[in-house]
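Remarks on the overall topology
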Amino acid sequence: AYFGLRIVKYPTGAPASWMASSFLVCAMVMLSGRLRLATLGACVAGLFVIASLAHWPPLNASILTVFTGAESVLASWLLLRLSGPPRLANIKQAAKLLAFVILPTTLASSLAAGVACEMIYGRGFAMLAAQWFAGHAAGMILTLPTLLILATPGRIAAPKRRLIET
């Protein structure tokens, strides 16, 4: 998250590639019960601390934290409703992930962040919403499928070794 806030960013300060949401989504779909809630709480609190360390004003850090947490909760809920067990085994599942999880959640969170920015500052809706969408979508498109593929068990059994190979 610190990398996205300090290094890979637009001139306005918005992250150009926000991958942190993908890690939180994966944690929320693979964990259950209290551990899921504890992870969500720790990640949201950690994001606020990281944004503060990156010299973001408290209001901006709060907006980032709230909307990123909400985006991750929505994405994990949609992912569980879409696929059941959180696995990615073929291109059809990847297309569904993109169309029904990543794009809708990043669009919703970018519009909400843009509206919040417009209501608080009276300007910046279009720029913030566009940059938020581009950064969060790019991060989730790159990271979420990769993490889900790594979490998907192999379908092919390991080759059997012959006596001479051992």
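As a reminder, the structure under discussion sits directly above these lines.
Below you will find a few notes about this structure.

With that out of the way, let us pick up the overall build of the protein chain. Helix and strand counts for the protein chain stand at 6 helices and 0 strands. Seen in sequence order, the protein chain has helices and strands lined up from the N terminus as α-α-α-α-α-α. Classification of the 166 residues of the protein chain by burial places 35% in the buried group. When contacts within the protein chain are restricted to residue pairs at least 6 apart in sequence, those whose partners lie at least 24 apart make up 68%. Within the structure as shown, the protein chain displays about 9600 Å² of accessible surface, and the carbon and sulfur contribution to it stands at 71%.

Attention now moves to the layout of surface pockets. Here the second largest pocket is characterised by a volume of approximately 160 Å³. Lining the second largest pocket are 13 residues, with Ala-1, Ala-20, Leu-24, Cys-43 and Leu-47 positioned closest to its centre. Those elements giving two or more residues to the lining of the second largest pocket turn out to be α2 (20-30), α3 (33-53) and α4 (58-83). Its residues placed into classes, the lining of the second largest pocket shows 8 nonpolar, 5 polar and no charged.

Ranked by internal contacts, the top residues of the largest apolar core, which has 13 residues, are Val-25, Leu-79, Leu-97, Met-140, Leu-144 and Leu-148. Taken together, the elements giving at least two residues each to this core come down to α2, α4, α5 (91-121) and α6 (125-151). Considering every element that reaches this core, the biggest residue donor is α6, with 4 residues. Excluding its chain neighbours within four sequence positions, the residues that come into contact with Leu-148 are Cys-26, Met-30, Leu-79, Pro-86, Arg-87, Leu-88 and Leu-97. Of all hydrophobic cores here, the second largest spans 9 residues; its members include Trp-18, Ala-54, Ala-61 and Ala-113.

This part covers the environment of Glu-118. In this fold, Glu-118 is placed in helix α5. Each C-alpha atom, one on Glu-118 and one on Leu-128, is 9.2 Å from the other, the two residues being 10 residues apart in sequence. Sequence-distant contacts of Glu-118, that is, excluding residues within four places in its chain, are made with Arg-123, Gly-124 and Phe-125.

One can find His-136 in helix α6. A distance of 2.8 Å separates polar atoms of two side chains, one belonging to His-136 and the other to Glu-71. His-136 has contacts with Trp-18, Ser-21, Thr-68, Glu-71 and Thr-106, leaving out every residue within four places of it along the chain.

Another aspect to go through is the packing of α5 against α6. Across the interface, α5 lies against α6 with an axial gap of 8 Å and an inter-helix angle of 150 degrees. Overall, the two elements α5 and α6 adopt an arrangement that is roughly antiparallel. Along this stretch, α5 crosses α6, giving a crossing that reads as right-handed.

Before going further, it helps to spend a moment on α3. In a regular helix each residue adds 1.5 Å, so 21 residues correspond to 30 Å; α3 covers 30 Å between its end C-alpha atoms and thus fits that length. Of the residues making up α3, those classed as buried are Thr-39, Leu-40, Leu-47 and Ala-51. Down the axis of α3, the buried side of the element spans an arc of 100 degrees, and every buried residue falls inside it. For α3, the exposed residues lying more than 90 degrees away from the buried face are Arg-34, Leu-35, Leu-37, Ala-42 and Leu-53. His-55 occupies a position one or two residues after α3 and carries a positive phi of about 65 degrees.

With 31 residues, α5 should cover 45 Å at 1.5 Å per step; its first-to-last C-alpha distance of 42 Å lies within 8% of that length. Its maximal kink placed at Leu-98, α5 deviates by approximately 35 degrees. Turning to α5, its buried residues are Leu-97, Val-101, Ile-102, Thr-105, Thr-106, Ser-109, Ser-110, Ala-113, Gly-114, Ala-116 and Cys-117. N-cap assignment for α5: the residue whose side-chain oxygen lies 3.2 Å from the backbone N of Lys-92 is Asn-90.

Procedures and definitions
Starting from 1, residues in each chain are numbered consecutively following that chain's sequence as written. Reporting in this predicted model follows two pLDDT cut-offs: at least 70 for local features of residues, and 80 or more for side-chain atom pairs to be given and counted; totals over whole chains, interfaces and linings ignore these cut-offs and use all residues. To obtain the side-chain values, all non-hydrogen atoms of the structure were included, while hydrogens and water were left out. Strands are runs of DSSP state E lasting at least two residues, helices are runs of H or I lasting at least four, and both sets are numbered from the N terminus onward. When a residue's accessible area, from a 1.4 Å probe over protein chains only, is under 20% of the maximum for its type it is buried; when over 50% it is exposed; and in between it is partly exposed. Contacts are residue-level and defined by heavy atoms, with any inter-residue pair within 4.5 Å sufficient. Computed by Shrake-Rupley with a 1.4 Å probe, the accessible areas treat only the displayed protein chains as cover when residues are assessed. For each structure, a 1 Å grid was placed over the protein atoms alone; sets of points admitting a 1.4 Å probe that cannot get out are labelled cavities, open sets with protein on both sides within 12 Å along at least five of seven lines are labelled pockets, and lining residues have an atom within 4 Å of a point. Grid points are joined across faces, edges and corners, and a volume is the space filled by probe spheres set on the points. Three categories are distinguished: nonpolar for Ala, Val, Leu, Ile, Met, Phe, Trp, Tyr, Cys and Pro, charged for Asp, Glu, Lys and Arg, and polar for the others, with Gly belonging to the last. Working definition of a nonpolar core: buried Ala, Val, Leu, Ile, Met, Phe, Trp, Tyr and Cys residues. They are joined through side-chain atoms within 4.5 Å. In protein, a polar contact means a hydrogen-donor-capable atom and an acceptor-capable atom, both N or O and within 3.5 Å, with residues adjacent in sequence counting only if both atoms are side-chain atoms; elsewhere, any N or O pair within 3.5 Å suffices. Only the stretch in contact is used when fitting a helix axis, every axis being a line fitted to C-alpha atoms; angles between N-to-C directions are given from 0 to 180 degrees. With respect to orientation, any angle under 35 degrees is reported as roughly parallel, any angle over 145 as roughly antiparallel, any angle of 65 to 115 as roughly perpendicular, and every other angle as oblique. Note on convention: the crossing is left-handed when the near helix lies turned anticlockwise from the far helix by less than a right angle, right-handed when the turn is clockwise. Here a helix's expected span is defined as the number of its residues, less one, multiplied by 1.5 Å. Each direction from the helix axis to a C-beta atom contributes to the arc, which is the arc of those directions. At every residue, the bend is computed as the angle between two fitted axes, covering the seven residues ending there and the seven beginning there respectively.

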